[in-house]
Amino acid sequence: MGLQGTVGFASKILINNSSGILQGVLNLGTSENKLCFDLIEKRLTRPSCKKCIAPHLLQYSNVQGTESFREEIAKFLTEYARAPKALNPEHIVVMNGCCSIFAALSTVLFDPGDGYLIPTPYFGGVNPDMWLYGEVRPVHVPLDSKVSEAESCPFQLTVKKLEAALQNAMEQGIRVRALILINPHNPLGDIYPAHLLKECLDFAHRHKLHVIVDEIYMLSVYDDSTFTSVLSLNPPDPEKIHFMWGFSKDFVMCGMRVAALHTRNEEVRLALNQLASFHSCPGPVQYILSQLIADREWINKTFLPTNRRRLREACHILVDGLTSLGIPVLRSSAGLFVWADFRKFLVTQTFEAEMELWWKFIAEKLYISPGGAFYCCEPGWFRLVFSDSADKIHLDWLGCQSIPSLPRWFDSDIPLPSNSKVTLYRKKPFIEFYCEHSNCRQMLQPIVHNIEVYKQL
Ligand SMILES: Cc1ncc(COP(=O)(O)O)c(C=O)c1O
């Protein structure tokens, strides 16, 4: 299938057929991969999947995950994460999504009030995941876009920055228990080189920290970069490494709600298994996904090459479009999004101005994610998701949507919606920020959900 047939940027738009006027919101904000539903649908409707209704799958089962599913996950991760030795299925805990794994780990590895180190910007969902159950707070390691001789890449993580953030937290009396790394990175779309990953593990070892590594985009690498999974390394303290991966992104199934944790730490596993009964996955779903990941022929010959090609093509369209409009984009290798620099469109270099710009995008029917939602320390960055397909749509949104009109916003006066509480939001505790941000999203839900996908242009 060619690009024209598969890639579109309009996830949820309603087009008034007669006038051609867009009435919905173009959603480039939600990190979902909609490029390969056709492949998944075909695979999941094969006759063998019907066996998922077998009686034993409809009964209570091991809350850690069924044995057969954990065995398949262990084999799958051994191969795709290039583990030097076969992973032990007993070291795997299955839960309903990486968010649940974060939440469960927050109560197991930490005491309330403890902190975790995390480089910014980062996937903002980590905050509520770690806070709502565990009352554990982030200790930011702020990365910015400046490049220097020592740091040739924007937003580059270094051990020096980790050390400084840890020192800072200790001075404030925060007990830091873990380092969280997201690799491939959300929202930057880049990959940690192996040497940096090893340095981070050594740093954590020196300070007796646990390391939680979220590799949910592990198979969504679409260029020639080499991805190094933490499972392929020999860490200095293997009992303190906790790896997670799920089906939401790499197998385009965030609605399935399935993810797996790998940890060699028996105590942690025993504690997690107590919580797993609140977060377990349905037996039929585990059966279907076992079939899916056991099918290497389909994964290697059909799914992965097609998904990678479609991701690459979709990414190019978005990057080329942004570049032609003079909007710089960070080079990306993986994930479903790009990190773009809209700083020149801010009235002032502040987060208030960033939110104003965000509301203007919304007013122009474009939903993208502001850097503040990722705790970026520099205002003006936005994450744009490109992995959207709506059957036959290849909407030339760059030609008809809001971005070309950006310059006129300098003088325009689009009022902020009255319920937007943008002022000083960064000074409030993050939990309030989270609620505010989700309120913005809730406000959009009726528009985003009650609309049809327009299938033909
Ligand atoms: C880095 C990262 N981790 C975890 C999640 C959530 O994963 P799940 O759908 O498995 O709960 C997301 C979703 O956007 C993500 O980007």
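About the criteria used
- Residues numbered from 1 in each chain as written.
- Predicted model: local features only at pLDDT ≥ 70, side-chain atom pairs only at ≥ 80, totals over all residues.
- UniProt positions renumbered as here; feature names shortened; annotations may be inferred.
- Helix = DSSP H or I, 4+ residues; strand = E, 2+ residues; numbered from the N terminus.
- Buried ≥ 20, exposed ≤ 12 C-beta atoms within 10 Å, placed from the backbone.
- Contact = placed C-beta atoms within 7 Å.
- Pairing = 2+ DSSP bridges.
- Right-handed = clockwise from strand over helix to strand, strands pointing away.
- Expected span 1.5 Å × (residues − 1).
- Axes fitted to C-alpha atoms, helices over the stretch in contact; angles between N-to-C directions.
- Near = placed C-beta within 6 Å.
- Nonpolar A, V, L, I, M, F, W, Y, C, P; charged D, E, K, R; others polar.
- Core = buried A, V, L, I, M, F, W, Y, C linked by C-beta atoms within 7 Å.
- pLDDT = per-residue confidence, 0-100.
- Parallel < 35°, antiparallel > 145°, perpendicular 65-115°, else oblique.
- Left-handed = near helix turned anticlockwise from the far one by under 90°.

- Looking at an unreviewed UniProt entry, one finds the chain named 1-aminocyclopropane-1-carboxylate synthase-like protein 1 and attributed to Callorhinchus milii.
- In the Sequence similarities (unreviewed entry) part of its UniProt record, the chain is described as follows: "Belongs to the class-I pyridoxal-phosphate-dependent aminotransferase family."

**Overview of the overall build of the chain**
- A tally of helices and strands in the chain yields 14 helices and 14 strands.
- Looking at the chain residue by residue over its 457 residues, the buried ones come to 46%.
- A sequence separation of at least 24 residues applies to 75% of the contacts in the chain between residues at least 6 apart.

**Considerations on the pairing of strand β6 (residues 137-142)**
- In terms of strand pairing, strand β5 (residues 115-120) meets β6 through six bridges, oriented parallel. What sits directly across from Tyr-116, in β6, is Pro-138.
- Since β5 and β6 lie parallel, the crossover through helix α5 (residues 126-131) that links them has a hand, and here it is right-handed.

**A word on helix α3 (residues 67-80)**
- Counted at 1.5 Å a residue, the expected span for α3 with its 14 residues is 20 Å, and the 20 Å between its end C-alpha atoms agrees.
- Taken together, the buried positions of α3 are occupied by Phe-69, Arg-70, Glu-72, Ile-73, Ala-74, Phe-76, Leu-77 and Tyr-80.
- On its buried side, α3 packs onto β4 (92-95), β9 (241-246), β10 (259-263) and α10 (283-294).

**Quick word on the sheet that holds β10**
- Strands sit in the order β4-β10-β9-β8-β7-β5-β6 across an open sheet of seven strands; the sheet is mixed. If you trace the sheet from one side to the other, it starts and ends with β4 and β6, each paired once. Taken over all neighbouring pairs, the strand axes of this sheet differ in orientation by 25 degrees on average, direction set aside.
- Bridge count between β9 and β10: five bridges; the pairing is antiparallel.

**What to know about helix α7 (residues 194-206)**
- Helix length check: α7 (13 residues) gives 18 Å between terminal C-alpha atoms against 18 Å at 1.5 Å per residue, within 8%.
- At its buried positions, α7 is contacted by α6 (159-171), β7 (176-182) and β8 (210-214).
- Residue Lys-208 follows α7 closely and has a positive phi angle near 55 degrees.

**Some remarks on the site of the ligand**
- The local shell around the ligand holds 14 residues, among which Gly-97, Cys-98, Cys-99, Gly-246 and Ser-248 are the closest.
- Class assignment of the residues belonging to the shell around the ligand gives a composition of seven nonpolar, six polar and one charged.

**Section: unusual backbone geometry**
- In this structure, Pro-121 follows Thr-120 across a cis peptide bond, with omega equal to 0 degrees.
- Position of Pro-121 relative to the elements: it lies in the loop between β5 and α5.
- Backbone torsion omega between Asn-183 and Pro-184 reads -10 degrees, so that peptide bond is classified as cis.
- Mapped onto the elements of the fold, Pro-184 is located in the loop between β7 and α7.
- Its identity is not glycine, yet Phe-155 carries a phi of approximately 55 degrees, on the positive side.
- With respect to the secondary-structure elements, Phe-155 resides in the loop between β6 and α6.
- Positive phi is not limited to glycine here, since Lys-208 has a value of about 55 degrees.
- Residue placement: Lys-208 occurs in the loop between α7 and β8.

**Points about the nonpolar core**
- In this structure, Tyr-116, Leu-117, Leu-179, Val-211 and Leu-384 are the most contacted members of the largest nonpolar core, which totals 125 residues.
- Contact partners of Leu-384, with chain neighbours within four places excluded, come to Leu-28, Leu-318, Phe-337, Val-338, Ala-340 and Ile-368.

**Here's the deal with the sheet that holds strand β11 (residues 337-341)**
- Here we have three strands laid out as an open sheet, ordered β11-β14-β13, and antiparallel in their pairing. Single-partner strands in this sheet number two, and they are β11 and β13 (369-370).
- With two bridges connecting them, β13 and strand β14 (residues 381-385) associate as antiparallel partners. Among the inter-strand pairings, Ser-369 is bridged to a residue of β14, identified as Arg-383.

**A short note on the environment of Val-230**
- Structurally, Val-230 is set in the loop between β8 and β9.
- We classify Val-230 as buried; it has 24 C-beta atoms within 10 Å.
- Setting aside residues no more than four positions away along its own chain, Val-230 makes contact with Leu-197, Val-213, Ile-241 and Phe-243.

**Some remarks on the pairing of β10**
- In terms of burial, β10 is a largely internal element, five of the five residues being buried.
- Burial along β10 is two-sided: Ala-259, Leu-261 and Thr-263 and Ala-260 and His-262, pointing in opposite directions, are all buried.
- As paired elements, β4 and β10 share four bridges and run antiparallel to each other. Considered in β10, the bridge of Val-93 is made with Leu-261.

**So, the confidence of the model for the chain**
- Averaged over every residue, the pLDDT of the chain is 83; residues scoring 70 or more account for 79%.
- Note on residues 404-457: pLDDT is under 50 here. Beyond four places in sequence and across chains, it has 51 contacts.

**Focus: the packing of α3 against α10**
- In contact at an axis separation of 9 Å, α3 and α10 are set at 30 degrees when each is read in the N-to-C sense. The angle between the axes of α3 and α10 places the two elements in the roughly parallel class. Considering the relative orientation of α3 and α10, their crossing is left-handed. Contacts between α3 and α10 involve Ser-68, Phe-69, Glu-72, Ile-73 and Phe-76 from the former and Gln-286, Leu-289, Ser-290, Ile-293 and Ala-294 from the latter.
- Here the contact of α3 with α10 is built from residues that sort into six nonpolar, three polar and one charged.

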